[in-house]
Amino acid sequence: MTSLRVRIGVLGVALLAGTLAPTAAQATTVPAPTVEEQRLDRAVPQEILRRSGFDAVAPEFAEALTSAHSYAQARRIVVREGSALWRRAVDRAQGRGPAESERREALPCKGGGGRRMGLSRDDDRPLYWARLGMTREVRTWEPGFALSARQRTWLLDALERTSRGQTDIRYPGGHMRRILVTGFDPFTLDRDIRISNPSGATALALDGTVIRTAEGPARVETAVFPVRWDDFAQGTVERTLRPYLPKVDLFTTVSQGRVGRFDVERTNGAWRGGYPDNENLSRTETVPVTDPASQPQWTTTTLPYAAIVAAKTGRFPVYDHTEVTEIPAGGTDPVVRADGPTAGSTARAGGGGNYLSNEIAYRATLLRDRLGLHDTLPGGHVHTPVLEFGAGNTTEVTDPDFVRNRVDIIDQVRAIVTVAADVSFRK
């Protein structure tokens, strides 16, 4: 693993200080790998790890775990290595560190012979698969000391949070503006395990960068979220965003949406539609949040959507997307509304649908509103185009069109955020 900056060491101390001291722990049955982790052994994830240079991450992490002779030591290792993975992925995406993505490797092409290029730096998949390798090591680890189920859960949670940048959000002092952007893991991997998520790639490309706005520089910090219903129900979005929303000047959650277009989602709905997540679990219900008695059916964007749509931000068209699906007040059947929800209706799909992209938008904007920031904090959700492979590519993990599409999407998200900041900061 790469060496760590001082702030990561401080982070580790803070995390450890906030953790309850372990009670007398009894050894428990070692859990089996999850559905998500089991995909790791397929050929495509292994190729992605090899070609990115991230294939050694999990083995080195496993070796580090063997040096832990107590739960406290294991905590320190997990926090350190999870944070290091996030920083390594960000550095790779932003052109720092070893040029792993640019070297030629002696990997045979299909059909025999030849050499393959390493994966381009903009690729988000090495982080995703390397993280799963690490979580699998923790989940199946049999240490030489007693480790309770509660302690193992804490280790897994710490690894998830640190390796997603959720504990790495740091804004400088002074008067520089602050922007928060979130992305997602790849998903629908049983349909095509080669899938990359441009929102996660965008988070890596933008983390810690400074954009120039009409009102001066603005620092962008990012984090990535899992595509898992249960993590959202357990409050991962609110836990990550709550400390920062009162301090930032603009935020946007980002996810992959429709083919060939960007959408600024006008309205978010309080409904889970049940599409299977990365664990192949389904949830069909009202979005579970704290204080459900005060929970609204709908929340709205406060991003300057009209200005974003009107600006020339890149090659993909950008739409102000207003459509929702509702059960009208007094009704029983869902109705599609092109211009947003009607008074008293019950949500069945927001502009971003009823999957986890809609849910992160709903949760983030509901948190904004519950913090009393609706009228002062621009925030909402942006859907990127679907990231597509080149025509005819049904087997290779990358191709020139695939890379170009991802880079163009990343650049356009950056331009959209800049437009939103320009307009919002002038007010």
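See the structure shown above.
Residues numbered from 1 in each chain as written. Predicted model: local features only at pLDDT ≥ 70, side-chain atom pairs only at ≥ 80, totals over all residues. Heavy atoms only, no water.

Visitor: Summarise the overall build of the protein; cite the residues concerned and give the values.
Guide: Regarding its fold elements, the protein presents 13 helices and 16 strands. Relative to its 427 residues, the protein shows a buried fraction of 57%. Restricting the contact set of the protein to residue pairs at least 6 apart, pairs at least 24 apart contribute 77%. (Helix = DSSP H or I, 4+ residues; strand = E, 2+ residues; numbered from the N terminus. Buried < 20%, exposed > 50% of the residue type's maximum accessible area, 1.4 Å probe, protein only. Contact = heavy atoms within 4.5 Å.)

Visitor: Any details on the packing of helix H5 (residues 71–93) against helix H6 (residues 125–140)? Residues and values, ideally.
Guide: Where H5 meets H6, the axes come as close as 10 Å, and the angle between the chain directions of the two elements is 170 degrees. One way to sum up the angle between H5 and H6 is to call them roughly antiparallel. From H5, Val 78, Glu 81, Gly 82, Leu 85, Trp 86, Ala 89 and Arg 92 reach across to H6, where they touch Pro 126, Leu 127, Ala 130, Arg 131, Met 134 and Val 138. Partitioned by chemical class, the residues of the contact of H5 with H6 number 9 nonpolar, 1 polar and 3 charged. (Axes fitted to C-alpha atoms, helices over the stretch in contact; angles between N-to-C directions. Parallel < 35°, antiparallel > 145°, perpendicular 65-115°, else oblique. Nonpolar A, V, L, I, M, F, W, Y, C, P; charged D, E, K, R; others polar.)

Visitor: Explain the pattern of salt bridges to me, and be specific about the residues and the numbers.
Guide: Tallied over the full model, the rule gives 36 salt bridges. Among the salt bridges present, the one from Asp 91 reaches Arg 96, with a minimum N-O distance of 2.9 Å. The class for Asp 91 is partly exposed, based on a relative accessible area of 24%. In this structure, the salt-bridge partner of Arg 368 is Asp 369, at a minimum N-O distance of 2.7 Å. (Salt bridge = Lys/Arg side-chain N within 4 Å of Asp/Glu carboxyl O.)

Visitor: Tell me about the sheet that holds strand E14 (residues 335–337), and please be specific about residues and values.
Guide: Strands sit in the order E14-E13-E15 across an open sheet of 3 strands; the sheet is antiparallel. Single-partner strands in this sheet number two, and they are E14 and strand E15 (346–349). Ignoring strand direction, the axes of neighbouring strands in this sheet form an average angle of 40 degrees. Pairing geometry for strand E13 (residues 324–327) and E14, over 3 bridges, is antiparallel. (Pairing = 2+ DSSP bridges.)

Visitor: An account of the packing of H6 against helix H7 (residues 149–163) is requested, with residue identities and associated values reported.
Guide: Their axes nearest at 10 Å, the elements H6 and H7 cross at an angle of 165 degrees. Comparing the axis directions of H6 and H7 gives the class roughly antiparallel. Here H6 runs over H7; the crossing is right-handed. Here H6 contributes Leu 127, Arg 131, Met 134, Thr 135, Val 138, Arg 139 and Thr 140 to the contact with H7, which in turn contributes Arg 152, Leu 155, Leu 156, Leu 159, Glu 160 and Ser 163. Considering only residue class, the contact of H6 with H7 consists of 6 nonpolar, 3 polar and 4 charged. (Left-handed = near helix turned anticlockwise from the far one by under 90°.)

Visitor: How would you explain the sheet that holds strand E4 (residues 210–213) if you had to name every residue and give the values?
Guide: Strands sit in the order E4-E5-E3-E6-E16-E7-E12 across an open sheet of 7 strands; the sheet is mixed. If you trace the sheet from one side to the other, it starts and ends with E4 and strand E12 (318–321), each paired once. The sheet shows a mean angle of 25 degrees between the axes of neighbouring strands, direction not considered. Its contacts with the sheet place helix H8 (residues 198–206) against strand E3 (177–184), strand E5 (216–225), strand E6 (250–256) and strand E16 (379–384), and it is angled at close to 135 degrees to E5.

Visitor: Before we move on, could you go through the layout of surface pockets and cite the residues and values that matter?
Guide: Roughly 510 Å³ of volume is contained in the largest pocket. Lining the largest pocket are 21 residues; nearest its centre among them are Asp 157, Glu 160, Arg 228, Asp 231 and Gln 234. Residue assignment for the lining of the largest pocket shows that the elements contributing at least two residues are helix H2 (35–38), H6, H7 and helix H10 (236–241). The space that makes up the second largest pocket amounts to roughly 350 Å³. Around the second largest pocket, the lining comprises 19 residues; the ones closest to its centre are Phe 187, Gln 256, Gly 257, Tyr 355 and Ser 357. Mapped by element, the contributors of at least two residues to the lining of the second largest pocket are E6 and helix H12 (356–370). (1 Å grid on protein atoms, 1.4 Å probe; cavity = no way out; pocket = protein on both sides within 12 Å on 5 of 7 lines; lining within 4 Å. Points joined across faces, edges and corners; volume = space filled by probe spheres on them.)

Visitor: Describe helix H13 (residues 400–425), naming the residues involved and giving the relevant values.
Guide: For H13, which comprises 26 residues, the first-to-last C-alpha distance of 37 Å matches the rise-based estimate of 38 Å (1.5 Å per residue) to within 8%. For H13, the capping residue at the N-terminal end is Asp 399, with a side-chain oxygen 3.0 Å from the backbone nitrogen of Asp 401. (Expected span 1.5 Å × (residues − 1). Polar contact = N/O pair within 3.5 Å; in protein donor to acceptor, adjacent residues only side chain to side chain.)

Visitor: So what about empty space enclosed by the protein? Which residues, and what values?
Guide: Rolled over the atoms, a probe sized like a water molecule indicates the empty space that remains. In total, this model carries 3 cavities of 30 Å³ or more according to the counting rule given. Of the voids in this model, the largest cavity is the one considered here, and its volume is about 60 Å³. Lining the largest cavity are Asp 124, Leu 127, Tyr 128, Arg 131, Phe 184, Asp 185, Pro 186, Gly 200, Leu 204 and Val 224. Counting only elements with at least two residues in the lining of the largest cavity, the list comes to H6 and H8. With 3 residues, the single largest contributor to the lining of the largest cavity is H6. Here the lining of the largest cavity is built from residues that sort into 6 nonpolar, 1 polar and 3 charged. Taken as a whole, the second largest cavity holds about 40 Å³ of empty space. Looking at the lining of the second largest cavity, the elements that each hand over two or more residues are E6 and H13. With 3 residues, the top contributor of residues to the lining of the second largest cavity is H13. Its residues assigned to classes, the lining of the second largest cavity comprises 7 nonpolar, 1 polar and no charged.

Visitor: Describe in detail the side chain of Thr 322, supporting the description with residues and values.
Guide: Within the secondary structure, Thr 322 sits in the loop between E12 and E13. Residue class for Thr 322 comes out buried when judged on its relative accessible area of 18%. A distance of 2.5 Å separates a polar atom in the side chain of Thr 322 from the backbone oxygen of Ala 338. When residues no more than four places from it in sequence are discounted, the contact partners of Thr 322 are Arg 266, Arg 337, Ala 338, Asp 339 and Gly 340.

Limitation: the analysis is restricted to geometry and does not speak to function.
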